[in-house]
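# Per-entry structural report
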Amino acid sequence: MKKLRNVFLVLAITLLFTGCGKSNEEVLKEASKKMDELNNFHMTMKMDMTVSVEGVSATVTTTTESDIDNKNGVMSMETTMDMMGEKETTKAYYVYESGKTTAYTEQYGMYYKNVTEEELINFDMFDNVQNVEVVSKEDGKTYKVTLTKEQLSKLLTDIEVEVDNIDLEVTVKDKNITKMTMSLPMDLDGIKTTAQMTMTFSKFNEVGNVTVPEEVIYTAFDEEKEEARMDVDSYIMEIELLAEDGEIADGKYTATDLMYPGEAPSKVDVVIENGEVVSGIIEMNGYRATITDGYIYEFESLK
């Protein structure tokens, strides 16, 4: 009996000094590793901020719904901005391949293509955190941790962090990160404000494959295409100025009918009505613009 008691005593002392469970830092590190290893998941990010200009305050709420396909390196995103009851929704797609991310972002109904060296999203900012404390045990455990600007930028790749350190609350349930909240100081063109940000994660391995629509890939403007589009817009503007000055009348025109001080299009077949280019095609710098009802509805490469 005495021998058995001594065994229990040694065991108790061992547990006292070595710890009987994982540290808070280890829990976060393991949860972040599991998130990076998921095939796919859904993320909802809500950001509330109040902006004051000349005594007038406005609250802006931005909600982003994202499907992240870690396995194939693709993310889709739909963002709705609500400012004083006025809502605007835009979409974006991101493809990570060979160490680079190709972004297709929507602006004014058109998609623009941009390539960066940023990852889609990763959670390894918790690898070297210290002094992590538990602040809640409701619906999992919520931990409070202080991150540096460099650590936070791994998660918020599209947001410029204005402070050196920031407190973040992270909820872990069933070894998955399910929620993050923070107060993020921001500078909007010289206007200082603080954004209250909440990110929730769900549908672990339930989202499936995420793809970029072929139409988005085909029609997206890269730098070359954007410059070509601007050249066509400038050409149309010159034609309409000539019409406004009375130098050309309404009718159908080709490239030989119209004098242009800049680089001339290779092909022009347009109709002018009431001083505006209302229909036709313009081929310029390897692209074709198709005009209908006064707008360019198609802009495609000839290559």
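Residues numbered from 1 in each chain as written. Predicted model: local features only at pLDDT ≥ 70, side-chain atom pairs only at ≥ 80, totals over all residues. Heavy atoms only, no water.

## Brief notes about the overall build of the protein
Of the regular secondary structure elements, the protein holds 5 helices and 16 strands. When the 303 residues of the protein are sorted by exposure, 35% land in the buried category. Looking at the protein alone, contacts between residues at least 24 apart form 45% of all its contacts between residues at least 6 apart. Just so you have it, the protein exposes about 18,600 Å², and 48% of that area is on carbon and sulfur atoms. (Helix = DSSP H or I, 4+ residues; strand = E, 2+ residues; numbered from the N terminus. Buried < 20%, exposed > 50% of the residue type's maximum accessible area, 1.4 Å probe, protein only. Contact = heavy atoms within 4.5 Å. Areas by Shrake-Rupley, 256 points an atom, 1.4 Å probe, with all protein chains shown as cover.)

## With respect to the sheet that holds strand 13 (residues 267-273)
Within the open sheet, the 5 strands sit side by side as 12-13-14-15-16. Their pairing is antiparallel. Of all strands in the sheet, those bounded by a partner on one side alone are strand 12 (251-254) and strand 16 (295-301). Strand-to-strand twist of the sheet, defined as the mean angle between neighbouring strand axes without regard to direction, takes the value 15 degrees. (Pairing = 2+ DSSP bridges. Axes fitted to C-alpha atoms, helices over the stretch in contact; angles between N-to-C directions.)

## Some words on the pattern of salt bridges
Across all of its chains, the model carries 7 salt bridges by this definition. For D139, the salt bridge identified is with K173, shortest N-O distance 2.7 Å. Taken together, the residues D139 in the loop between strand 7 (133-136) and strand 8 (141-148) and K173 in strand 9 (residues 165-173) connect sequence positions 34 residues apart. Given the relative accessible area of 55%, D139 is considered exposed. Relative accessible area serves as the criterion here: at 35%, K173 is assigned to the partly exposed category. (Salt bridge = Lys/Arg side-chain N within 4 Å of Asp/Glu carboxyl O.)

## Re a negative patch on the surface
Judged by side-chain charge, E223, E226, E227, D231 and E263 come together as a negatively charged surface patch. On the secondary structure map, E223 appears in helix 5 (residues 223-244). By relative accessible area, which is 61% here, E223 ends up exposed. (Patch = residues over 30% accessible without salt bridge, like charges linked within 9 Å, V, L, I, M, F, W, Y side chains within 5 Å. Lys, Arg positive; Asp, Glu negative; His and termini not counted. Charge placed at Lys NZ, Arg CZ, Asp CG, Glu CD.)

## Some remarks on the side chain of E283
Mapped onto the secondary structure, E283 falls in strand 14 (residues 276-284). One polar contact links E283 to R288, side chain to side chain, over a distance of 2.9 Å. Here E283 is in contact with P265, S266, K267, R288 and L302, once residues within four sequence places are set aside. (Polar contact = N/O pair within 3.5 Å; in protein donor to acceptor, adjacent residues only side chain to side chain.)

## Things to note about the nonpolar core
Core analysis: the biggest nonpolar cluster contains 40 residues, and F123, F126, V145, V170, I177, M180 and F201 have the highest contact counts within it. Setting aside anything within four residues of it in sequence, one finds F126 in contact with L28, K29, S32, V145, L147, L168, V170, I177 and M180. Counting residues in hydrophobic clusters, the runner-up holds 23 residues, among them F221, Y235, V268 and I282. (Core = buried A, V, L, I, M, F, W, Y, C linked by side-chain atoms within 4.5 Å.)

## Topic: the pairing of strand 7
Bridge count for strand 7 against strand 8 is 3 bridges, and the pairing is antiparallel. Each bridged residue has a counterpart across the sheet, and for S136 the counterpart in strand 8 is T142. The hairpin formed by strand 7 and strand 8 contains 4 residues between the paired strands, and D139 there has a positive phi angle of roughly 55 degrees.

## Some details on helix 5
Spanning 22 residues, helix 5 covers 31 Å between terminal C-alpha atoms, matching the ideal 32 Å at 1.5 Å per step. Every buried residue belonging to helix 5 is among K225, A228, R229, V232, Y235, I236, I239, L242 and A243, and all of these are buried. Looking straight down helix 5, one finds that the buried residues subtend no more than 145 degrees of arc, so they occupy a single side. Residues E223, M237 and E244 are exposed on helix 5 and point more than 90 degrees away from its buried face. Looking at the buried side of helix 5, the elements it contacts are strand 6 (110-116), helix 4 (214-219), strand 13, strand 14, strand 15 (287-292) and strand 16. For helix 5, the N-terminal capping position is held by D222, with its side-chain oxygen 3.3 Å away from the main-chain nitrogen of E224. (Expected span 1.5 Å × (residues − 1). Arc of directions from axis to C-beta.)

## Regarding the side chain of S66
With respect to the element layout, S66 can be found in strand 2 (residues 56-69). Ignoring anything within four residues of it in the chain, the contact list for S66 reads F41, H42, M43, M75, S76 and M77.

## Quick notes on the confidence of the model for the protein
Chain-level pLDDT for the protein is 84 on average; 89% of the residues reach the 70-or-more range. Note that residues 1-20 has pLDDT below 50 and, in this model, 2 contacts with residues that lie over four places away or in other chains. (pLDDT = per-residue confidence, 0-100.)

## Re unusual backbone geometry
Here the phi dihedral of K203 falls at roughly 50 degrees; this positive angle occurs in a residue that is not glycine. The topology assignment puts K203 in the loop between strand 11 (191-202) and helix 4. Positive phi is not limited to glycine here, since D293 has a value of about 55 degrees. Taking relative accessible area as the criterion, D293 reaches 63% and is therefore assigned exposed.

## Let's talk about the packing of aromatic side chains
All chains considered together, the criterion is met by 8 aromatic pairs. Look at Y93 and Y111: their rings are 6.2 Å apart centre to centre, the planes differ by 45 degrees, and that puts the pair in the tilted class. Of the two residues, Y93 is situated in strand 4 (residues 86-97) and Y111 in strand 6; the sequence distance between them amounts to 18 residues. Residue Y93 is classed as buried on the basis of its relative accessible area, which comes to 11%. By way of ring pairs, the aromatic residues Y112, F221, Y287 and F299 are connected into one cluster. Over the ring of F221 we find K225; its NZ or CZ atom is 5.0 Å from the centre of that ring. Above the face of the F299 ring, R229 is positioned so that its terminal group lies 5.9 Å from the ring centre. (Phe/Tyr/Trp six-rings, centres within 6.5 Å; stacked < 30°, edge-to-face > 60°. Lys NZ or Arg CZ within 6 Å of the ring centre and 35° of its normal.)

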